[in-house]
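Spelled out, the chains give:
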Amino acid sequence: MKLTHFPIEFTQAKPVLQAITSAGYQAYFVGGSVRDALLGKPLHDVDIATSAYPAEIKQIFKRTVDTGIKHGTVTVLQQGQAYEVTTFRTESAYQDFRRPDHVTFVRSLREDLKRRDFTINALALQHDGTIIDLFSGLADLKTRLIRAVGDPNQRFHEDALRMMRAVRFKSQLNFKIESQTQTAISNQHQLLKKIAVERVHDELIKLMLGKNWTAGLNSFIATQLYQTCPGLSTAKKALFALTTLPTVPLKTESAVWLLFAHQLGLTPKTVKPFLKQWKSANNIIQSVSRSLPLLDKFLAQQNLSNWDYYYTGLPIVLLANQIAQLYGLGAAPAQLQKRYHQLPIQQRRQLALDGGDLLHHLALQPGPQLGELLAKLEQQVVAGNLPNNRQALLQSARSMLN
Ligand code: ATP
Ligand code: MG
């Protein structure tokens with residue numbers, strides 16, 4: 001079969017393939033980009049596989065970077081683009097159910113495609129559009145199946161992360177997992193424990209940000225993969241409830257964790273250790289713990305106060321609202337934006353007076369009293385109880401002091 005319509009990314013990268021083949025080696029587009037091109041989806045990274053060894057690639061191109069030379073990857077810089085060119089390789093010595101750290105370079109495309117995870121990811125594309133399909137990936141693309149290359153039990157035993165990749169591709173592509181592949185995941189789900197939590201995290205987030213996340217999550221539960229994950233092992237019921245929500249796409253990693261946190265009944269305090277276990281970034285932990293109380297308000301159909309908007313800020317309000325909307329509550333984002341911009345002030349520096357003014361006019365000493373006074377004025381202004389002008393603020397400060 002031939003790919004007739006080349007996406008622009010492939011057309012741009014074609015000279016790289018041609019330069020390698022002109023030098024007497026084989027070169028193909030491989031992996032996710034070939035799969036996505038055949039599905040008519042946008043491509044993100046164009047990966048090239050070649051029979052040339054890294055040193056040979058470096059002789060062909062003027063500008064290269066040794067990105068992962070140990071694993072056979074050289075980045076070729078061409079026309080302002082960067083392409084990862086990786087030597088055909090096999091991964092023989094798997095240790096502890098994780099990606100091997102030693103690879104063997106080979107000259108055979110078949111060997112390289114054989115080590116790939118799923119048949120739909122094991123297609124190669126030649127510069128003239130010819131598809132090389134040694135493991136029936138085209139048939140599986142057509143019938144929308146995620147099927148391990150070779151014996152699924154062995155493949156998941158070699159690298160347990162592949163099990164998470166299967167459920168995440170289910171979500172991203174809206175494919176089914178082929179039954180023997182699915183059974184192998186169920187049987188070996190425990191192996192996922194051997195994988196670094198950061199890598200499981202990345203796959204779980206990709207799953208949840210996928211278009212069909214409820215379906216992906218369903219397989220994550222059905223195969224029992226969730227049992228090996230931090231903070232989720234006893235949460236089957238709560239997780240399952242998530243799969244009954246409408247499959248509205250989630251937009252950010254924070255939205256994903258906020259949804260989990262809510263469903264697991266976590267609080268701003270307990271969500272922190274939960275996310276620490278997942279090695280989440282601090283800014284994500286902060287967004288999630290700050291948005292939880294707002295989400296509770298949306299779900300209880302309570303109005304947010306001016307202070308809620310002011311103190312937590314618009315992005316966090318919108319984050320909580322996004323999840324509330326999944327539950328059929330919350331408001332139109334434009335309405336929340338409007339409300340935020342109508343606040344008397346959005347930041348403390350917009351207050352019509354500062355600490356210096358209070359010291360000067362009220363003969364105060366610097367200290368906690370000053371801070372408290374300013375905070376009270378700020379709250380009154382934000383709540384709309386006090387106009388934001390110097391005279392009114394000074395007068396109010398005086399009466400508070402008395
Ligand atoms: P994405 O759209 O997320 O980039 P992808 O399929 O391109 O999906 P990558 O992680 O970019 O995924 O990997 C590129 C290719 O490398 C895959 O398509 C697959 O052929 C192979 N691959 C990646 N990870 C594994 C793995 N754990 N085991 C076997 N093959 C893998
Ligand atoms: Mg990719």
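Look above for the structure.
Numbers given for residues are sequential positions, taken from 1 along each chain in its written order. As they are written, the chains are lettered A onward and the ligands numbered 1 onward, keeping that order. Predicted model: local features are reported for residues with pLDDT of at least 70 only, side-chain atom pairs are reported and counted for 80 or more only, and whole-chain, interface and lining totals are derived from all residues. The side-chain quantities take in all heavy atoms of the structure and omit both hydrogens and water.

Further remarks concern the layout of surface pockets. A cavity here means a set of points on a 1 Å grid, drawn over the protein atoms and nothing else, where a 1.4 Å probe fits but cannot get out; a pocket is an open set with protein on both sides within 12 Å along at least five of seven lines, and a residue lines either one if it has an atom within 4 Å of a point. Grid points are joined across faces, edges and corners, and a volume is the space filled by probe spheres set on the points. Its volume calculated, the largest pocket comes out at about 1400 Å³. The wall of the largest pocket is formed by 43 residues, among which Asp-45, Asp-47, Arg-116, Arg-165 and Arg-168 lie closest to the centre. Put simply, DSSP H or I for four residues or longer makes a helix, DSSP E for two residues or longer makes a strand, and each gets a number counted from the N terminus. At the level of elements, α2 (32–39), β2 (47–50), β5 (81–87), α7 (161–173) and α9 (197–209) are the ones that each hand at least two residues to the lining of the largest pocket. For the lining of the largest pocket, a count of residues per class yields eleven nonpolar, eleven polar and 21 charged. Only Asp, Glu, Lys and Arg are considered charged, only Ala, Val, Leu, Ile, Met, Phe, Trp, Tyr, Cys and Pro nonpolar, and every remaining residue, Gly among them, polar.

This part covers the pattern of salt bridges. Salt bridges are defined as contacts in which a side-chain nitrogen from Lys or Arg sits within 4 Å of a carboxyl oxygen from Asp or Glu. A full pass over the atoms with the stated rule returns 17 salt bridges. Note that Asp-128 is salt-bridged to Lys-2, the shortest N-O span being 3.8 Å. Taken together, the residues Asp-128 in the loop between β8 (124–125) and β9 (131–132) and Lys-2 in the segment before α1 (8–22) connect sequence positions 126 residues apart. Note on exposure labels: buried denotes an accessible area under 20% of the residue type's maximum, exposed denotes more than 50%, and partly exposed covers the range between, all computed with a 1.4 Å probe on protein chains only. Asp-128 sits in the partly exposed class, given a relative accessible area of 37%. Between Asp-66 and Lys-58 there is a salt bridge, with its nearest N and O atoms 3.0 Å apart. The exposure class of Asp-66 is partly exposed, given its relative accessible area of 40%.

Quick look at the pairing of strand β3 (residues 64–68) now. Pairing between strands is defined by DSSP: at least two bridges between the two strands are required. Bridge count for β3 against strand β4 (residues 73–78) is three bridges, and the pairing is antiparallel. By the bridge assignment for β4, Gly-68 is matched with Thr-73. Following β3, the chain reverses through four residues before pairing antiparallel with β4; Gly-72 in that reversal takes a positive phi of roughly 90°.

Right, let's talk about helix α12 (residues 253–263) for a bit. Two residues of an α-helix separated by three or four positions point the same way, owing to the 3.6 residues in each turn. Within α12, eight of the eleven residues are buried, leaving the element largely enclosed by the surrounding structure. Listing the buried residues of α12 in full gives Ser-254, Ala-255, Val-256, Trp-257, Leu-258, Leu-259, Phe-260 and Ala-261. Note on definitions: a residue-residue contact is assigned when non-hydrogen atoms from the two residues lie within 4.5 Å. Close packing links the buried residues of α12 with α9, α10 (213–222), α11 (236–242), α13 (271–277), α14 (282–299) and α16 (314–326). One or two steps after α12, the chain reaches Gly-265, where phi turns positive at roughly 70°.

Once that is clear, we can look at the site of ligand 1. The environment of ligand 1 is made up of 16 residues, and the closest members are Arg-35, Asn-121, Asp-159, Arg-162 and Arg-168. Distance and chemistry together define a polar contact, namely a pair of N or O atoms within 3.5 Å, with one atom able to donate a hydrogen and the other to accept it when in protein, and with adjacent residues in sequence counting only for side-chain atoms on both sides. Between ligand 1 and Gly-32, the relevant distance is 3.3 Å, taken from an oxygen atom to a main-chain nitrogen or oxygen of the residue. Between ligand 1 and Asn-121 there is a distance of 2.9 Å, counted from an oxygen atom to a backbone nitrogen or oxygen. Note that accessible areas follow from Shrake-Rupley with a 1.4 Å probe, and for residues the cover is restricted to the protein chains shown. Calculation on ligand 1 without its partners gives an accessible area of 580 Å², and the protein chains cover 82% of this total. It suffices for a single heavy atom of a residue to lie within 4 Å of a molecule or strand for the residue to be listed as near it.

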